[in-house]
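# Structure assessment
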Amino acid sequence: MAAAPPVYVYSPEYVALCDSLCKVPKRASMVHSLIEAYSLLDQMKIVKPKVASMEEMASFHTDAYLQHLQKVTTVRLLKGSLSMQQPWEEPPSPQPSACWTASARTLPGAVTRTAGMEWLPACACPALTGKWPSGTVQGPVLLPQRERRDEASGFCYLNDAVLGILRLRQKFDRVLYIDLDLHHGDGVEDAFSFTSKVMTVSLHKFSPGFFPGTGDVTDVGLGKGRYYSVNVPIQDGIQDEKYYQICETVLKEVYAAFNPDAVVLQLGADTIAGDPMCSFNMTPEGVGKCLKYVLQWQLATLILGGGGYNLANTARCWTYLTGVILGRTLSSEIPDHEFFTEYGPDYVLEITPSCRPDRNEPQRIQEILNSVKGNLKHVV
């Protein structure tokens, strides 16, 4: 029996909503257009996202938070963190916010339904907004892994990654969440910090003053979930080879200890050289090697995007990774398409690392890996 094709969640309306985000204007269109220009759509099953119901979103978020998010205006949301711990102001308009509309449209709808109910081996998501737009799964949330049950954080209002994991848990006993975004996946980790059924793994920048300020190697979970949170703090300047060595070492130990039944993989592009975050110094090839390592497990896998603020490089990265999922080697020359001029002056798919120095000392990296291995020995 032939393997089912990867699922790609897309609709013109969905991309238009994602394009409206002021942090990443037109990013969703750029990603989708480049994937289309490389003729990758024909090899995937395209699924249109549906609007998530209040009941679906309430499987994680509190009713009070959802009700207020439905009323609050976009202006109010953009002024600061949206938290149930803050005093609320009445919105000047009774109309649902654009944020709510976009979030609900992409949440646990098509992506989580497809990965969670049809159980395809991989689910690639397009452009985003945050995840291939949401990498796909997500709508107006730039970094799907941050929001809490009753609080927004880091441009995120609804945690689609958590909702996707909860849907997968209806079918699979143990779900592994892997976050390769530049920022710590604190929201997802917090959501499952007390359970042994979901293990979270996050490789991220960790330094004083860098958002969100969490994710040290000593953060390992709580209660029954102790040692089921794995954090790998990394410093500026890391490049492909060292990053992959760390990722492979950690994931090899995680797989042996946890034996997952399904995987949710978040691949933010803010780790790529040239990103305005000016932190890591990676290329899509390095991220692609990590993706290949996970895919060789041949488990049900939901793949999400995340950060990525150099729009052209984010489109390059997620298009390259879509090629990896499909087993396609893509031409170096960017095909002619609507956004072709955005890829100048070289007009190639490859991204060249900068001269940024690597601040990761080998001794410290080994200490972190030893700590991770020691912690995983406690996993039953």
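Note that this is a predicted model, so its numbers are computed, not measured. (Residues numbered from 1 in each chain as written. Predicted model: local features only at pLDDT ≥ 70, side-chain atom pairs only at ≥ 80, totals over all residues. Heavy atoms only, no water.)

## Notes on the pairing of strand 8 (residues 300-304)
Under the convention used in this document: For each residue, the accessible area found with a 1.4 Å probe, counting protein chains only, is set against the maximum for its type, and the residue is called buried under 20%, exposed over 50%, and partly exposed in between. Counting from the N terminus, the helices are the DSSP runs of H or I reaching at least four residues and the strands are the DSSP runs of E reaching at least two. We call a crossover right-handed when, viewed with both strands directed away from the observer, the connection leading from the first strand over the helix to the second proceeds clockwise.
Most of strand 8 is tucked away, with five of its five residues classed as buried. Taking every second residue as pointing to the same face, both faces of strand 8 are buried, with Ala-300, Leu-302 and Leu-304 on one and Thr-301 and Ile-303 on the other. Handedness of the β-α-β unit built from strand 7 (residues 262-266), helix 11 (residues 284-295) and strand 8 comes out right-handed.

## Notes on empty space enclosed by the protein
Over the atoms rolls a probe the size of a water molecule, and its path tells where empty space is left. Let me state the cut-off plainly: The distinction between a cavity and a pocket rests on a 1 Å grid over the protein atoms alone: a 1.4 Å probe fits inside a cavity but cannot get out, while a pocket stays open yet meets protein on both sides within 12 Å along at least five of seven lines, and a residue with an atom within 4 Å of a point counts as lining. Grid points are joined across faces, edges and corners, and a volume is the space filled by probe spheres set on the points.
Going through the model one piece at a time under the given rule, you end up with one cavity of 30 Å³ or more. Empty space within the largest cavity amounts to approximately 50 Å³. If you go around the largest cavity, the residues you meet are Val-217, Val-220, Tyr-227, Ser-229, Val-230, Asn-231, Val-372, Asn-375 and Leu-376. At the level of elements, strand 6 (229-234) and helix 13 (362-376) are the ones that each hand at least two residues to the lining of the largest cavity.

## Some details on helix 11
Basically, it comes down to this: To estimate how far a helix should extend, the number of its residues minus one is multiplied by 1.5 Å. Here, two residues are considered to be in contact whenever any of their heavy atoms come within 4.5 Å of each other.
Taking 1.5 Å of rise per residue, the 12 residues of helix 11 would be expected to cover 16 Å, and the 16 Å separating its terminal C-alpha atoms lies within 8% of that figure. Taken together, the buried positions of helix 11 are Pro-284, Gly-286, Val-287, Gly-288, Cys-290, Leu-291, Tyr-293 and Val-294. Those residues of helix 11 hidden inside the fold are in contact with strand 4 (175-179), helix 10 (240-258), strand 7, strand 8 and helix 12 (311-326).

## Considering the layout of surface pockets
In this structure, the second largest pocket spans a volume of roughly 180 Å³. Every residue along the wall of the second largest pocket is listed here: Pro-284, Glu-285, Lys-292, Tyr-320, Gly-323, Val-324, Gly-327, Arg-328, Thr-329, Leu-330, Leu-349 and Glu-350. Among the secondary structure elements, those contributing two or more residues to the lining of the second largest pocket are helix 11 and helix 12.

## Section: helix 12
For helix 12, built from 16 residues, the straight-helix expectation of 22 Å at 1.5 Å per residue is met to within 8% by its first-to-last C-alpha distance of 23 Å. Within helix 12, 16 of the 16 residues are buried, which leaves the element mostly enclosed by the surrounding structure.

## What about the environment of Ser-202?
Among the secondary structure elements, Ser-202 is positioned in strand 5 (residues 198-205). What makes Ser-202 buried here is its relative accessible area of 3%. Along the primary structure Ser-202 and Glu-189 are separated by 13 residues, whereas in three dimensions their C-alpha atoms are 8.7 Å apart.

## Let's talk about the packing of helix 11 against helix 12
Selection rule: Angular values range over 0 to 180 degrees, each being the angle between N-to-C directions of two axes fitted as lines to C-alpha atoms, with helices fitted over their stretch in contact. Crossings are assigned a handedness: left-handed for a near helix turned anticlockwise from the far helix by less than a right angle, right-handed for a clockwise turn. Following the grouping adopted for this structure description, the nonpolar residues are Ala, Val, Leu, Ile, Met, Phe, Trp, Tyr, Cys and Pro, the charged ones are Asp, Glu, Lys and Arg, and the polar ones are all others, Gly among them.
Between helix 11 and helix 12, the least distance of the axes is 10 Å, while the angle of their chain directions is 30°. Between helix 11 and helix 12 the crossing geometry is right-handed. Seen from helix 11, the contacting residues are Pro-284, Glu-285, Val-287, Gly-288, Leu-291, Lys-292 and Leu-295; seen from helix 12, they are Cys-317, Tyr-320, Leu-321, Val-324 and Ile-325. When grouped by side-chain class, the residues that make up the contact of helix 11 with helix 12 number nine nonpolar, one polar and two charged.

## Here's the deal with the packing of helix 2 (residues 27-37) against helix 12
In plain terms, the rule: Comment on the angle field: the value is read as roughly parallel under 35 degrees, roughly antiparallel over 145, roughly perpendicular from 65 to 115, and oblique elsewhere.
Where helix 2 contacts helix 12, the two axes come as close as 9 Å, and the packing angle between them is 40°. On the basis of the axis angle, helix 2 is oblique to helix 12. In the packing of helix 2 onto helix 12, the handedness of the crossing is right-handed. Two secondary-structure elements touch here, helix 2 through Arg-27, Met-30, Val-31, Leu-34 and Ile-35 and helix 12 through Leu-311, Ala-312, Thr-314, Ala-315, Arg-316, Trp-318, Thr-319 and Thr-322.

## Observations regarding unusual backbone geometry
Here the residue pair Phe-211 and Pro-212 is connected by a cis peptide bond, since its omega of 0° sits within 30 degrees of zero. For the bond from Gly-344 to Pro-345, the omega torsion is 5°, close enough to zero to count as cis. With respect to the helices and strands, the residue Pro-345 is situated in the loop between helix 12 and helix 13. You will see that Cys-278, though not glycine, has its phi angle at about 50°, which is positive. In this fold, Cys-278 is placed in the loop between strand 7 and helix 11. The class for Cys-278 is partly exposed, based on a relative accessible area of 42%.

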